[in-house]
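# Inside the fold
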Amino acid sequence: MPESTSAHTAFPWDETDAASVRAAVLDLVVTIGERIRRRDQVARKVTLTIGLAGGASVSRTRTLPAASGHTEDLRSAAYRILDSMALQRARVRRIVLTAEDLTDVGEGPGTQMSLDPEREARIRIEPVLDQLNARWGHPVVRPAGAWRHAS
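Residues numbered from 1 in each chain as written. Predicted model: local features only at pLDDT ≥ 70, side-chain atom pairs only at ≥ 80, totals over all residues. Heavy atoms only, no water.

### Let's talk about unusual backbone geometry
Although it is not a glycine, Arg89 sits at a positive phi angle of roughly 60 degrees. Within the secondary structure, Arg89 is located in the loop between helix H2 (71–85) and strand E4 (92–100). A positive phi angle, near 55 degrees, is found at Asp101, a position not held by glycine. (Helix = DSSP H or I, 4+ residues; strand = E, 2+ residues; numbered from the N terminus.)

### A look at the side chain of Thr103
Mapped onto the elements of the fold, Thr103 is located in strand E5 (residues 103–104). Excluding residues that lie within four positions of it along the chain, Thr103 makes contacts with Asp40, Gln41, Val42 and Arg44. (Contact = heavy atoms within 4.5 Å.)

### Side note on the pairing of E4
Remember that side chains alternate between the two faces of the sheet whenever the strand is regular. Note: strand E1 (residues 4–15) against E4, 8 bridges, orientation antiparallel. Within the sheet, the bridge partner assigned to Thr9 lies in E4 and is Ile95. Pairing of strand E2 (residues 41–52) with E4 involves 8 bridges; the strand directions are antiparallel. Directly across from Thr49, in E4, lies its bridge partner Val96. (Pairing = 2+ DSSP bridges.)

### Comments concerning the confidence of the model for the protein chain
The predicted model of the protein chain has a mean per-residue pLDDT of 86, with 87% of residues at 70 or higher. Element-level mean pLDDT values for the protein chain span from 56 in helix H4 (residues 147–150) up to 97 in E4. (pLDDT = per-residue confidence, 0-100.)

### Digging into a nonpolar patch on the surface
Taken together, Ile125, Val128, Leu132, Trp136 and Val140 make up a surface patch of nonpolar side chains, about 440 Å² in accessible area. Residue class for Val140 comes out partly exposed when judged on its relative accessible area of 38%. (Patch = residues over 30% accessible without salt bridge, like charges linked within 9 Å, V, L, I, M, F, W, Y side chains within 5 Å. Areas by Shrake-Rupley, 256 points an atom, 1.4 Å probe, with all protein chains shown as cover. Salt bridge = Lys/Arg side-chain N within 4 Å of Asp/Glu carboxyl O. Buried < 20%, exposed > 50% of the residue type's maximum accessible area, 1.4 Å probe, protein only.)

### A closer look at the layout of surface pockets
Its boundaries defined by the atoms lining it, the second largest pocket holds a volume of some 290 Å³. Around the second largest pocket sit 15 residues that line it, and Thr71, Glu72, Glu126, Leu129 and Pro143 are the ones nearest its centre. At the level of secondary structure, the elements contributing two or more residues to the lining of the second largest pocket comprise helix H1 (18–38), H2 and helix H3 (117–136). The biggest single contributor to the lining of the second largest pocket is H3, with 6 residues. In terms of residue class, the lining of the second largest pocket is made up of 5 nonpolar, 2 polar and 8 charged. (1 Å grid on protein atoms, 1.4 Å probe; cavity = no way out; pocket = protein on both sides within 12 Å on 5 of 7 lines; lining within 4 Å. Points joined across faces, edges and corners; volume = space filled by probe spheres on them. Nonpolar A, V, L, I, M, F, W, Y, C, P; charged D, E, K, R; others polar.)

### Some thoughts on H1
Compared with the 30 Å implied by 1.5 Å per residue over 21 residues, the 30 Å span of H1 between its first and last C-alpha is a close match. Summarising burial for H1: 17 of the 21 residues are buried, a large majority. Trailing H1 by a residue or two, Asp40 shows a phi angle of about 55 degrees, which is positive. (Expected span 1.5 Å × (residues − 1).)

Shown next as structure tokens:
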């Protein structure tokens, strides 16, 4: 099994709208989450690389509190990285999201059940959403925030 996987997107123009950049990151998170869950893997680290106009790039890595393949956990880490970059008025050309330090789901300590019923419901629905996307093609079902990137 691979130890990392990545997904990327490129804008056909220099994107300066922060909401569009955030939507693109969310779309990449969904793609990565589906991929590692399909492989029965979890990630321990997430790296976000932002390519800027002029060829420069900014890259940061965040270690997850616990290894996870859940979209919510990956999204939280990716958004924290994005927010820490403070890309105000930056001209973004491309975005690469990498899930690193991948291991099999069965390795390491088990997952403790959350006492948050909403989180548990989102985690239980992920395999169903993955099956829909696998059958009908990504991105049939994804978070509403990611649709902004699709248009």
